[in-house]
Amino acid sequence: MGLCFRVFKNNRDPERFSGWFHEGTGASSMKMRNLSITLLLSAALASPVAAQDLTGTWEISTQGGRGGPQTSTLVLAQDGETLTGTMTVNLGGRGGRGGGPQELEVSNGTVDGNSFSFIVTLSFQGNSFDLNYSGTVDGDEMSGTREGPRGGGQPFTGEKQG
């Protein structure tokens, strides 16, 4: 099924109809199809997902292993595609042996459109390990996965404060 166009002998006098041109077969059909595809691809490439600005304070909630939800405060600064900042976590534990709040530096932070990733290094009882965060942001909300040294990522959500 093709498109139909009216062809006029004189653009100034549309009442003087000279006939119909049926686009659906032959070289004209191929040219129209190629032009349509080219225009669609150009529009898609020219307008990628706008980069989100993650600068600000975020409350992050992650489902903990045995202790229920864990919350942390993430303070980010974005400069182009680079993220820096800190994450404050509360290392509570059994019998109060968790060590209390700890401020962790954000490293290797990147933003690409609405996707982001960063790493924080957690030190606990003489051991250190990386927590790799990756996800997407939509306005004042973010969600993604936190991967630890044992794999098996945990989902997290975040909400921008203030």
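The structure we're discussing is the one just above.
Residues numbered from 1 in each chain as written. Predicted model: local features only at pLDDT ≥ 70, side-chain atom pairs only at ≥ 80, totals over all residues. Heavy atoms only, no water.

Draft legend 1. Structural context of the pairing of strand β7 (residues 115–124). As defined by bridge partners, strand β6 (residues 100–112) adjoins β7 across five bridges and the pair is classed as antiparallel. The partner of Ser 107 across the bridge, within β7, is Ile 119. A loop of two residues connects β6 with β7, the two strands running antiparallel in sequence, and Gly 113 in this loop sits at a positive phi of about 70 degrees. Bridge count for β7 against strand β8 (residues 127–138) is 10 bridges, and the pairing is antiparallel. Paired with Phe 118 across the strands is Tyr 133, a residue of β8. In this structure, the hairpin formed by β7 and β8 is closed by a connection of two residues, where Gln 125 is found at a positive phi of approximately 50 degrees. (Pairing = 2+ DSSP bridges. Helix = DSSP H or I, 4+ residues; strand = E, 2+ residues; numbered from the N terminus.)

Draft legend 2. Fine view of the pairing of strand β10 (residues 151–160). Of the pairings in the sheet, the one linking strand β3 (residues 56–63) to β10 comprises five bridges and is antiparallel in character. In the strand pairing of β10, Trp 58 is matched with Lys 160. Judged from the seven bridges that link them, strand β9 (residues 141–148) and β10 form a sheet pairing that is antiparallel. Opposite Arg 146, over in β10, you have Gln 154 as the bridge partner. Connecting β9 to the next strand, β10, in antiparallel fashion are two residues.

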